Protein chains: 2
Amino acid sequence: MSADPSARRGIPDATVARLPEYLRALTGFAERGITSVSSEELAAAAGVRSAKLRKDLSHLGSYGVRGVGYEVDHLAYQISRELGLTQDWPVAIIGMGNLGHALAAYSGFATRGFRVVALLDQDSHLLGQEIAGITVQPMDALTSLAEQGLAIGVIATPAASAQDVCDQLVAVGVRSILNFAPCVLVVPEDVDVRKVDLSTELQILAFHEQRRALAAEGALEHVTLEPINSAVGR
Amino acid sequence: MSADPSARRGIPDATVARLPEYLRALTGFAERGITSVSSEELAAAAGVRSAKLRKDLSHLGSYGVRGVGYEVDHLAYQISRELGLTQDWPVAIIGMGNLGHALAAYSGFATRGFRVVALLDQDSHLLGQEIAGITVQPMDALTSLAEQGLAIGVIATPAASAQDVCDQLVAVGVRSILNFAPCVLVVPEDVDVRKVDLSTELQILAFHEQRRALAAEGALEHVTLEPINSAVGR
DNA sequence: ACGCTTTTGTGAACGGATGCACAAAGTCAC
DNA sequence: GTGACTTTGTGCATCCGTTCACAAAAGCGT
Ligand SMILES: NC(=O)c1ccc[n+]([C@@H]2O[C@H](COP(=O)([O-])OP(=O)(O)OC[C@H]3O[C@@H](n4cnc5c(N)ncnc54)[C@H](O)[C@@H]3O)[C@@H](O)[C@H]2O)c1
Ligand SMILES: NC(=O)c1ccc[n+]([C@@H]2O[C@H](COP(=O)([O-])OP(=O)(O)OC[C@H]3O[C@@H](n4cnc5c(N)ncnc54)[C@H](O)[C@@H]3O)[C@@H](O)[C@H]2O)c1
């Protein structure tokens, strides 16, 4: 489609979900000093088929060169831009228990695009304590954070408190929420919630594990089993 | 279709991925003493449409009663059985850094179906240390763990070590792996890898956040924006 | 006993995502 | 400058998942 800007809109969700993996693979190539990759090489590094990669990239524009491939830096920039990583998004983490501590210490945030601007908790024993160089604040700090442009809220409280915390985030205008608590959050339709759920993933693994176990003992003789390397879900 | 057992096989991946959420919702109803739910009520609690819920459940068999709904305990049992949660799966966590510590302390594992049987790390300073009541062991403990039937490996090491750890797990026969490291793992086709990736999720949130920001400033006048509450990915 | 109400289970239509296969487009060697 | 070679971008067919809409099934009241 070449560089028609009007065609650059409406990128499929499935494609958006894979862009971060492509970006990571490109960063890896760049670190090894590789300046150009073919769709075949990049797809292998990202764990997808090359046709899928090319179709995904075609939604962003036409950044490849036929007969050659893609320029690593340029493609990485284009994907970053599309994902909105050329600016820094202020992030607040709510709930500084075991998981909240690990998240606060996690360097992956700062890497690019995100900046942890606040750690919040309800527990008065934690307030004022410093974690990874940031002082833990009470929940009512949310209002002033929102005024300073808080973009993303990360919920790391127990499930019982998650909806309450979510409502507070929505109330101050946060429209992007990442939820680690194992529960469904109810939000207005203009708010985007994504869930990271350990126990769901384990249960999906258990399902396949059981299938293999049953197949091994011959209980599922008439069932094809092999094609396991799938994803879906998330 | 009723109770034809041969039709009970081949549950779609998308359905399997939602079963844990249904199970969680059912557990919630059971805790509140509710013994019977309609597909409408259960779907609302799980955050899906009732038609989708009914189609999903129809893949497991015919456990509802027309005009009434589903018996909470019975349906929960059927889903548990389908997911393989009526037995306990031995889990090992590899990499006891910030995240590994949080995971080891996490009560969600023990809740049902999973038992953390070992914590492993390469770092000699951590060996012998006790975390959440379990002693940290060196990597070569994997062999004997495998002999005792280790089913699932959870990788919580840095990305640079993840493929190496993964290979060791596969070598001793582990075929279900949950990967927290931000990288693609290469495995034989009979091994099932699922990924929990914080930064991918954040980047997807950033994409939608940017879309909203651009739309607000009128740069995308001709683009419909509203339908955000989507998932995909994972 | 019977008809009215409720809710399931599912056939059919739809839409989005994936995989295939190839023409178009560009590079590079000479 | 030309021709052979490489790799992209995409039309098309297929597959999978979602949604709609309703007939069949069960309970309930009378
Ligand atoms: N620990 C893990 O490895 C892990 C893994 C996956 C999911 N999770 C989930 O993440 C969440 C946090 O887990 P955790 O182990 O850190 O729990 P935790 O109990 O250690 O910490 C929870 C923190 O949230 C705070 N909190 C509670 N209610 C609050 C409220 N209304 N407002 C603000 N703060 C509040 C508490 O003070 C506490 O500090 C849980 O929902 C858990 O299921 C944890
Ligand atoms: N901390 C978080 O909140 C967070 C969130 C998302 C993802 N992650 C990812 O999870 C992983 C772990 O994060 P972390 O913050 O706990 O890191 P960390 O550096 O604190 O801990 C890593 C641990 O792995 C051990 N290790 C390294 N190589 C090993 C090997 N070959 N075999 C066995 N053990 C080995 C180290 O000794 C260390 O104890 C990283 O890949 C990180 O990107 C972390």
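Going by what an unreviewed UniProt entry lists, chain A is known as Redox-sensing transcriptional repressor Rex and is assigned to Pedococcus bigeumensis. Check the Subunit (unreviewed entry) section of the UniProt entry for chain A; it says "Homodimer." The UniProt entry for chain A carries the following comment under Subcellular location (unreviewed entry): "Cytoplasm".

> Help me understand the site of ligand 1 in this model?
As a structural note, the neighbourhood of ligand 1 is formed by 24 residues, with A:Asn98, A:Leu99, A:Asp121, A:Thr157 and A:Ser161 the closest of them. Surrounding ligand 1 are residues belonging to chains A and B, so the site spans chains. At 2.8 Å, a backbone N or O of A:Leu99 approaches an oxygen atom of ligand 1. About the coverage of ligand 1: the protein hides 84% of its 820 Å² of free accessible area. Those elements that provide at least two residues to the shell around ligand 1 are α5 (98-105) and α8 (159-171) of chain A together with α5 (98-105) of chain B.

> Got a minute to help me understand the interface of chain B and chain A in this structure?
Many authors give the size of an interface as the accessible area that is lost as the parts come together. Contacts between the two partners involve 74 residues from chain B and, on the opposite side, 74 residues from chain A. There are six salt bridges connecting chain B and chain A. B:Arg194 is paired through a salt bridge with A:Glu201; the nearest N and O atoms lie 2.4 Å apart. Taken together, chain B and chain A are joined by 24 residue pairs in polar contact (both at pLDDT 80 or more). The set of elements that each furnish at least two residues to the side of chain B that touches chain A consists of α1 (13-31), α2 (39-46), α4 (72-83), α5, β9 (176-179), β10 (192-195) and α9 (198-216) of chain B. Ranked by the residues each element gives to the side of chain B that touches chain A, the list is headed by α9(B), at 15 residues. Of the residues assigned to the side of chain B that touches chain A, the class counts are 41 nonpolar, 14 polar and 19 charged.

> Can you walk me through the domain arrangement of chain A in this structure?
Partitioning chain A into domains gives domain 1 (5-83), domain 2 (89-196) and domain 3 (200-234). On a C-alpha basis, the centres of domain 1 of chain A and domain 2 of chain A stand 31 Å from each other.

> Looking at this structure, how should I read the relation of the copies chain B and chain A?
Applying a rotation about an axis and a shift along it to one chain copy brings it onto the other copy. The operation relating chain B to chain A is a screw motion whose rotation component is 180°, with 0.0 Å of axial translation and a residual RMSD of 0.0 Å. These values place the two chain copies in the arrangement generated by a two-fold rotation axis.

> What's the story with the nonpolar core in this structure? I'm lost.
Across soluble globular proteins, nonpolar side chains show a tendency to be buried alongside one another. One finds A:Ile79, A:Phe109, A:Phe114, B:Ile79, B:Phe109 and B:Phe114 to be the most contacted residues of the largest nonpolar core, which totals 99 residues. Excluding residues within four positions of it along the chain, A:Phe114 makes contact with A:Leu85, A:Asp88, A:Trp89, A:Val91, A:Phe109, A:Ile152, B:Leu202, B:Gln203 and B:Ala206.

Definitions and cut-offs
- Residues numbered from 1 in each chain as written.
- Chains lettered and ligands numbered in written order.
- Predicted model: local features only at pLDDT ≥ 70, side-chain atom pairs only at ≥ 80, totals over all residues.
- Heavy atoms only, no water.
- UniProt positions renumbered as here; feature names shortened; annotations may be inferred.
- Near = heavy atom within 4 Å.
- Polar contact = N/O pair within 3.5 Å; in protein donor to acceptor, adjacent residues only side chain to side chain.
- Areas by Shrake-Rupley, 256 points an atom, 1.4 Å probe, with all protein chains shown as cover.
- Helix = DSSP H or I, 4+ residues; strand = E, 2+ residues; numbered from the N terminus.
- Contact = heavy atoms within 4.5 Å.
- Salt bridge = Lys/Arg side-chain N within 4 Å of Asp/Glu carboxyl O.
- Nonpolar A, V, L, I, M, F, W, Y, C, P; charged D, E, K, R; others polar.
- Domains from an automatic or database assignment.
- Least-squares fit on C-alpha atoms with pLDDT ≥ 70 in both.
- Core = buried A, V, L, I, M, F, W, Y, C linked by side-chain atoms within 4.5 Å.
- Buried < 20%, exposed > 50% of the residue type's maximum accessible area, 1.4 Å probe, protein only.

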